[in-house]
Structure formats: C-alpha cells, structure tokens
Amino acid sequence: MDKILKIKQALTQADAIVIGAGAGLSTAAGLSYQGEDFQEHFSDFIAKYHFQDMYTAGFYPFSTLEEYWAYWSRHIYYHRYDQPFRQTYLDLLKLVKDKNYFIITTNVDHQFQIHGFDHTRLFYTQGDYGLWQCSRPCHQQTYDNEMTIREMMKKQKNMKIPTDLIPYCPYCGAPITMNLRIDQTFVEDAGWHQAKARYEQFLYQYQQSKIVYLELGWL
C-alpha cells in the first residue's frame, strides 16, 4: 500500500508522465494468445498443425496464401477488431487523461486507441495489426486492412480465403504482409515518423521538469 501511495503522489506532482507499455499490459488486461480463446477460434488450425499459441502460429510457413490469410485474418480480427473494452486500460486512461502524458509501446494490438487514449500521444514502435505493407517492400507506405479482414472472415471456408481476396502491392505486385517489426523489411511510414518526432519533442520539452516514467509490461 505504501508503494501505491508513493506512485499516486508522484503522478500527482509530476509535470509529465511517460508510459512504456509492453505485452504484459495487454496480458494483464485479459488479452491472451493461448488458452480458451485460442482453442475456440483456431480449433481447425490446431488440429491440423498442432499449434500451441497464436504467437508461434504466426510464423508458420503456410503453403498457400489462401491458407495464410485464413489464419491471419482471424489473428487480426480477434486481437484488433473484435475487442471488448478492458478495465485495465480504462483505469489507466482515467489515471492519466488530465495529465501531460506520452506513451511509447511495443504492443501492436491497438488497445490504447480502442480505449480512447489520444493517438497524438502514442508512439507505436513495432507496427499495428490494423496495417499492411508491401512484403518486398518497394515503398514506405502502409494500408488500413479492416474492410478486407472482415471480408476474409466472412468468406473463408475450410481454412482458406477466396483467391480473389489475397492482397497484393498496388505498385510492384508482391504479396502484402503485416506491418509488424519482425525483420529488416518493416515499413516505418509517415505516421510512424510523425509519432517518433512527437515523442522526441515531448521528452525535449519536459527534460528539465518532473517526469514520472511508468513502465507497464515488458517492452
């Protein structure tokens, strides 16, 4: 209790708050990559490939793009678009919404935006489930995927999506892939660089002030 009171006092007296958010925050909020939800939504993939969790399944080298996107459309949908409000994030927003705060996060599940945090106070360093990019990549641009993901979810059968729903780069024709930092092909688009600049400006602005660094989950 003494620690909680000290943290509360520090937040009250702070001129600015920097939140570092990692996967542990979403886990604490109840967002899981395994267990009952995984069994419910991916039972067919589990039966065929013996997947243990959504994280490792995401690296599986599917033999066709139809099957690849059947898996990934579910992965994205259930961790990005079909999400309830989670009390952990609502409590955090209540704690900082009237403060000068900024969030730097390695999470890609969009939970901060879903729960009403100011997107101009957020630097999403590792990408977002809601964004696609060229797999090559031939250009530094990302694409919103919600409409196509919902269509893939609606039309997939027998662990495959229709071939005409497979996304390709509009410039070079290479397959589209997730905008997730897994190797050197990760696209840092204009929005990414703008968020980085806002974060750096925030640190510069408050460098001589009282800043509370609040680390929530592993980065």
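First things first, this report covers the structure right here in the doc. Here the structure is a predicted model, which is why all the values come from computation and not from measurement. (Residues numbered from 1 in each chain as written. Predicted model: local features only at pLDDT ≥ 70, side-chain atom pairs only at ≥ 80, totals over all residues. Heavy atoms only, no water.)

**A closer look at a nonpolar patch on the surface**
Moving on, step 1. Residues Tyr-55, Phe-59 and Ile-182 make up a contiguous nonpolar surface patch of about 370 Å² in total accessible area.
Moving on, step 2. Along the chain, Phe-59 falls in the loop between helix H5 (54–57) and helix H6 (65–81). (Patch = residues over 30% accessible without salt bridge, like charges linked within 9 Å, V, L, I, M, F, W, Y side chains within 5 Å. Areas by Shrake-Rupley, 256 points an atom, 1.4 Å probe, with all protein chains shown as cover. Salt bridge = Lys/Arg side-chain N within 4 Å of Asp/Glu carboxyl O. Helix = DSSP H or I, 4+ residues; strand = E, 2+ residues; numbered from the N terminus.)

**What about the pairing of strand E6 (residues 176–180)?**
Moving on, step 1. Most of E6 sits out of view: 4 of its 5 residues are buried.
Moving on, step 2. Of the pairings in the sheet, the one linking strand E4 (residues 127–134) to E6 comprises 4 bridges and is antiparallel in character. Considered in E6, the bridge of Gly-127 is made with Leu-180. (Buried < 20%, exposed > 50% of the residue type's maximum accessible area, 1.4 Å probe, protein only. Pairing = 2+ DSSP bridges.)

**A short note on empty space enclosed by the protein**
Moving on, step 1. The tally for this structure, following the rule as stated, stands at 1 cavity of 30 Å³ or more.
Moving on, step 2. Taken as a whole, the largest cavity spans an internal volume of roughly 70 Å³.
Moving on, step 3. Lining the largest cavity, in full, are Thr-105, Asn-107, Val-108, Asp-109, His-110, Gln-111, Phe-112, Gln-113, Leu-122, Tyr-124, Gly-127 and Asp-128.
Moving on, step 4. Those elements that place two or more of their residues in the lining of the largest cavity are helix H8 (111–114), strand E3 (122–124) and E4. (1 Å grid on protein atoms, 1.4 Å probe; cavity = no way out; pocket = protein on both sides within 12 Å on 5 of 7 lines; lining within 4 Å. Points joined across faces, edges and corners; volume = space filled by probe spheres on them.)

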